[in-house]
Amino acid sequence: MSQPIVLVTFSCLTGETEKLALSAAVGAVQARALIRLRRIPDVDLASTNAEVVRMRREYIPPAEADVVGADALIFAAGNGTDALSTPWQEFLNLLLRLSKEDKLGRKVGASIGGVPAALGGLGFLTVTQLSSDPLALGRSVAEMARSLKSS
Amino acid sequence: MITLLKSAERGHSNRGWLDSYFSFSFADYHDPKHMGFRALRVINDDRIQPGQGFGPHAHRDMEIITYVLDGHLLHRDSMGERHILGPNEVQTMSAGTGIVHSEFNASDTEEVHSIQIWILPSREDVTPSYQQIAFSPHEKKGQLRLLAGPQGDATIIHQDARLYVTELAPKQAVRHNLAAGRGAWVQVVRGTASVNELNLSEGDAAALTEESEVTLAGTGEQGGEILLFDLR
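Description of the structure in this document. (Residues numbered from 1 in each chain as written. Chains lettered and ligands numbered in written order. Predicted model: local features only at pLDDT ≥ 70, side-chain atom pairs only at ≥ 80, totals over all residues.)

Here we take up helix α4 (residues 86–100) of chain A. Residues and elements named next belong to chain A. Its 15 residues give α4 an end-to-end C-alpha distance of 21 Å, which sits within 8% of 21 Å, the value for a rise of 1.5 Å per residue. Looking at α4, one finds that the buried residues are Trp88, Phe91 and Leu95. Buried residues along α4 cover an arc of 65° about the axis, so they all sit on one side. Residues of α4 that are exposed and point more than 90 degrees away from the buried face comprise Thr86, Asn93, Arg97 and Lys100. Packed against the buried residues of α4 are α3 (64–69). (Helix = DSSP H or I, 4+ residues; strand = E, 2+ residues; numbered from the N terminus. Expected span 1.5 Å × (residues − 1). Buried ≥ 20, exposed ≤ 12 C-beta atoms within 10 Å, placed from the backbone. Arc of directions from axis to C-beta. Contact = placed C-beta atoms within 7 Å.)

Among the nonpolar cores identified, the biggest contains 101 residues, and Val6(A), Val8(A), Ala25(A), Ile74(A) and Val141(A) are the most heavily contacted of them. Take this core: its biggest share by element is 8 residues, from helix α1 (residues 16–30) of chain A. Mapped onto the domain boundaries, this core takes at least three residues apiece from domain 1 (10–134) and domain 2 (137–231) of chain B. With near-sequence residues (within four places) excluded, Ile74(A) lies in contact with Val6(A), Val8(A), Ala24(A), Ala110(A), Ile112(A), Gly138(A) and Val141(A). (Core = buried A, V, L, I, M, F, W, Y, C linked by C-beta atoms within 7 Å. Domains from an automatic or database assignment.)

Let us now look at the interface of chain B and chain A. Contacts between the two partners involve 10 residues from chain B, matched on the other side by 12 residues from chain A. Among the secondary structure elements, those contributing two or more residues to the side of chain B that touches chain A are β5 (53–59) and β10 (99–105) of chain B. Tallied by class, the residues present in the side of chain B that touches chain A amount to 4 nonpolar, 5 polar and 1 charged. (Nonpolar A, V, L, I, M, F, W, Y, C, P; charged D, E, K, R; others polar.)

A word on the environment of Ser129(B). Take Ser129(B): it is sitting in strand β12 (residues 129–134). Sequence spacing of Ser129(B) and Ile99(B) is 30 residues, and the spatial spacing of their C-alpha atoms is 8.9 Å.

Read these as geometric descriptors, not functional statements.
Here's what the structure looks like:
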């Protein structure tokens, strides 16, 4: 059976939420999933903060193909994140459209930190925060996606 | 028996920021005749443009060895490791239960030329680890310097395999005994050399089976730098 694909999408300006996202990704890999890591683009494109510049270089933003191709999605944002920042809103709009097209219904969803509550209404099989430990969360999400894929 | 793999027979991919030659099937290059040699699964000869690199991606159950010929690579991973790797150093990452890492050219002006090697581990689910050691350039001149193995003064891998490097001047030679049943893979990473009197150019490789000895010699005007794998 093919491996489930877990898309981990996060927003981060300091490197802290990135650590949570990486930890969730490692958990998914431990559960033998393939992972894709994507970062929500910055609002402030002029920022020269070293961490922001590094993350901008290392990550690409989530695309429709990433969402459609994934069996599970994990969203991570800091608790202070402006849930309705323009880049997040654009991503939410994409998810909303895919939801209306019934393209999210057989995907697992989970979140870490201050991700918009709006994600709850998009039709994922579960958006419950399964664990406060991102590593365990990543594992659980991957395992759930695997059983869903094989059912 | 010695089987040659000429440089031009390798897989090739040029994405602009990354120019790679694949000794074995990798990514979009797939050749059922070149899937690896014993536990050796990947040898990628990569040239990465300044400031460019591989964004965060995952590995599981693989021993990943990186050897830089020119330039410097910046490594970051989910274990919190952050290191710069340069010539006369070797980095080994045991992916084990799972790891996410990125690798970028640490320079904004100079290309990095590196060899990435994947070796299948003898067992799955080991605890992920990162090792990096430096050695004096003299340690590889005219002799074999162990870069990775199951034990010894090298990075430690979870496989009964040993990776050596040597830099040989013209007509300078080193000899390595192969125990019964073991095989060797020889990869010329710089210059020219011979293996058991067969001439190899840069990028060429040779697989040796049922041989009791490997004799490497520098050839041409400059000699060469060679990686030697001793595999069960």
